[in-house]
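The residues making up each chain are set out below.
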Amino acid sequence: MKNESSHHHSQVEPVSLVFSFTVKKGKEKQFEEWAHEITEAGKHFEGHLGSSWIRTSNDASNYIVIVKFVDIEDSNKWLRSSIRKNLLKKMYPLVKETKPDKVQNVTGLETWFTLPGRATIKPPPRWKMVIVTMIGIYPIGLIYQAYLVPYFKLLPLLLRPVALSLLLTPLLTYLIMPQLTKLFRNWLYPGRQ
């Protein structure tokens, strides 16, 4: 058993599955109830790291979901589950079009670089993502060094990185990276409007 778990962690690559749906007019409320139901069901699966639903602003009937898992093995358990298959049957009458086949197995960083409304964008080159991420981390690092270090020192050593992650990850994911992705859009995604 021990051997299996060490093997499991040696090649862990977080996976993000991206699905887009075009909902029939008038079915939005039912679809949103269904979206809530499938999101709740997914939470109980091993390795589930969360789901983000995006209602694309240019067209109220388009929805995108990004579902994150620890690795490909965990994501496949969810994708093949009977719970999910039964829930999908309930969804088909509500949509005109669904693109669950356009599954993107993207690793960690790419989901910080998702332009809303474009579900199947090829991610930017990793070196560009690294530069933009460093730009995003810099101000937080500065604030941390200038103001927060004394408070962090009050925490036990083992809790300091946890507290820093809790501060950093939501700030980057929800606030800083979406803004930077928009700001650097033409450089990250040349040739796109």
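Structural notes, computed from the coordinates. (Residues numbered from 1 in each chain as written. Predicted model: local features only at pLDDT ≥ 70, side-chain atom pairs only at ≥ 80, totals over all residues. Heavy atoms only, no water.)

Among the structural elements, Ala35 can be located in helix H2 (residues 28–43). For Ala35, a relative accessible area of 7% gives the class buried. Once the C-alpha coordinates of Ala35 and Trp53 are considered, the two residues, 18 residues apart in sequence, prove to be 8.4 Å apart. (Helix = DSSP H or I, 4+ residues; strand = E, 2+ residues; numbered from the N terminus. Buried < 20%, exposed > 50% of the residue type's maximum accessible area, 1.4 Å probe, protein only.)

What follows concerns the pairing of strand S3 (residues 62–69). Burial analysis of S3 places six of its eight residues in the buried class, the great majority of the element. Bridging between strand S1 (residues 15–23) and S3 involves eight bridges; their strand directions are antiparallel. Residue pairing across strands places Ser16 opposite Lys68, the latter belonging to S3. As defined by bridge partners, strand S2 (residues 48–55) adjoins S3 across seven bridges and the pair is classed as antiparallel. Across the sheet, residue Gly50 finds its bridge partner in S3, namely Lys68. (Pairing = 2+ DSSP bridges.)

Looking now at the environment of Ile66. Structurally, Ile66 is set in strand S3. Put simply, Ile66 and Ser16 are 50 residues apart on the chain and 6.2 Å apart in space, counted from C-alpha to C-alpha.

Before going further, it helps to spend a moment on the packing of aromatic side chains. If you walk through the whole model with that rule in mind, you get eleven aromatic pairs. Taking the centre distance of 5.3 Å and the plane angle of 55 degrees together, the rings of Phe21 and Phe31 count as tilted. On the criterion of sequence distance, the pair formed by Phe21 in strand S1 and Phe31 in helix H2 is long-range, its members being ten residues apart. By relative accessible area, Phe21 is classed as buried at 4%. Their ring planes at 40 degrees and their centres at 5.4 Å tell us that Phe31 and Trp34 sit as a pair that is tilted. Taken together, the positions of Phe31 and Trp34, both in helix H2 and three residues apart, correspond to about one turn of that helix. Since its relative accessible area comes to 0%, Phe31 is described here as buried. Classification of Trp34 as buried rests on a relative accessible area of 4%. Members of the aromatic cluster, each reached through a chain of ring pairs, are Phe21, Phe31, Trp34, Trp53 and Tyr63. (Phe/Tyr/Trp six-rings, centres within 6.5 Å; stacked < 30°, edge-to-face > 60°.)

On to empty space enclosed by the protein, then. Per the counting criterion, the structure on display carries two cavities of 30 Å³ or more. Approximately 140 Å³ is the volume attributed to the largest cavity. Looking at the lining of the largest cavity, the elements that each hand over two or more residues are S1, H2, S2, S3 and helix H4 (82–91). Among the elements that take part in the lining of the largest cavity, H2 stands out by supplying four residues, more than any other. Looking at the lining of the largest cavity residue by residue, the class counts come to ten nonpolar, four polar and one charged. (1 Å grid on protein atoms, 1.4 Å probe; cavity = no way out; pocket = protein on both sides within 12 Å on 5 of 7 lines; lining within 4 Å. Points joined across faces, edges and corners; volume = space filled by probe spheres on them. Nonpolar A, V, L, I, M, F, W, Y, C, P; charged D, E, K, R; others polar.)

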